[in-house]
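Each chain, written out:
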Amino acid sequence: NAFWEELYEEYQFRSLEGKGDLDGTDRVKNGIVDMGAYELLYTDATAPLATLFSPADNSAGVSPSTTLALTFDENVYPGEGSIHIYRGNGALEQSFPATGAALSVAGPAVTITPTNSLAYTNAYYVLVDANAFRDAATNWFAGIVSTSAWNFTTRDVGILTTNTLRMDFGLV
C-alpha cells in the first residue's frame, strides 16, 4: 500500500532476527517472533532552524532595555558557542556564552537578557556562533554570520511609549 511504501522510503527498517533490538532485548527467540521484530529507525539529520527573532529583523524604535529572543523549529540545547551583539559600526557591544546566566533555553525558545542596556538611537546586529545550539540528535544550528540577518535600531532617548488618557468635559 502507498502509505507503507512512502514510510519505507522515508525511514529505514532493519531485521532483528537472531539479534537483539536497540536495547539488546531478543525479539526472535525459539522460532517465536515478538511484535517488535522490526523496529523503525529514524535518523534526524536536520539542523535546527531559527524561525522567529525578537526584536524582529530590521525593527526600528526598539527599547534599549529589550531582551532578545530566538525561536527554533525544534527544541534546542546550549553548546559551547556564544551570542554577540554588535553596534552597526562593527564594534562588539556585548557577548554571551550559550551556557551563561544571561541566556535561558526552554524547548525551542532562547531568551537573551543583556547585562547592560543598549544605547539609544543606535543600529545593532546579532551574530550567533555555529556551535551555540544543537538539537537532541546533535545537529548543530548553523549560526548567524551575516550582519544583515538580525539587525535593529534602538529608539531615540526622547521617545517614550506611554498610554495617554484624554478627557473632554465640554463647556460648563
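Located above this text is the structure these notes cover.
None of these values were measured; they are calculated from a predicted model. (Residues numbered from 1 in each chain as written. Predicted model: local features only at pLDDT ≥ 70, side-chain atom pairs only at ≥ 80, totals over all residues. Heavy atoms only, no water.)

(A) Inspection of the packing of aromatic side chains at higher detail. Applying the stated criterion to the full structure yields five aromatic pairs. For the pair Tyr86 and Tyr125, a centre-to-centre distance of 5.2 Å together with 10 degrees between the ring planes defines the contact as stacked. Of the two residues, Tyr86 is situated in strand 9 (residues 82–87) and Tyr125 in strand 13 (residues 123–128); the sequence distance between them amounts to 39 residues. Judged by its relative accessible area of 19%, Tyr86 falls in the buried class. Grouped by ring-pair contacts, the aromatic residues Phe72, Phe133 and Phe141 constitute a single cluster. (Phe/Tyr/Trp six-rings, centres within 6.5 Å; stacked < 30°, edge-to-face > 60°. Helix = DSSP H or I, 4+ residues; strand = E, 2+ residues; numbered from the N terminus. Buried < 20%, exposed > 50% of the residue type's maximum accessible area, 1.4 Å probe, protein only.)

(B) Quick peek at the sheet that holds strand 7 (residues 68–72). Spatially, 5-7-12-11 is the arrangement adopted by the four strands of the open sheet, whose pairing is antiparallel. With partners counted over all chains shown, the strands left at the sheet margins are strand 5 (50–54) and strand 11 (103–106), one partner each. Taken pair by pair, the neighbouring strands of this sheet meet at an average axis angle of 15 degrees, ignoring direction. As paired strands, strand 11 and strand 12 (residues 109–112) are joined by four bridges and run antiparallel to one another. What sits directly across from Ser104, in strand 12, is Thr111. (Pairing = 2+ DSSP bridges. Axes fitted to C-alpha atoms, helices over the stretch in contact; angles between N-to-C directions.)

(C) Local environment of the nonpolar core. Leu103, Val128 and Phe133 are the most contacted members of the largest nonpolar core, which totals 27 residues. Secondary structure elements with two or more residues in this core: strand 7, strand 9, strand 12 and strand 13. No other element matches strand 13, which puts five residues into this core. Beyond its immediate chain neighbours, meaning those up to four positions away, Leu103 contacts Ile83, Phe96, Pro97, Ala98, Val110, Thr111, Ile112 and Phe133. (Core = buried A, V, L, I, M, F, W, Y, C linked by side-chain atoms within 4.5 Å. Contact = heavy atoms within 4.5 Å.)

(D) Layout of the sheet that holds strand 9. If you trace the five strands from one edge of the open sheet to the other, you get 6-15-13-9-10, paired in mixed fashion. Edge positions in the sheet fall to strand 6 (59–62) and strand 10 (92–97), since each of these pairs with one other strand and no more. Here the strands of the sheet are splayed against their neighbours by 25 degrees on average, with no regard to which way each runs. Bridging between strand 9 and strand 10 involves five bridges; their strand directions are antiparallel. Directly across from Ile85, in strand 10, lies its bridge partner Gln94.

(E) Spotlight on the side chain of Ser82. Within the element layout of this structure, Ser82 appears in strand 9. A residue is classified by how much of its surface remains accessible, and Ser82, at 14% relative accessible area, is buried. Excluding its chain neighbours within four sequence positions, the residues that come into contact with Ser82 are Ser95, Phe96, Pro97, Ala98, Leu127, Val128, Asp129 and Ala132.

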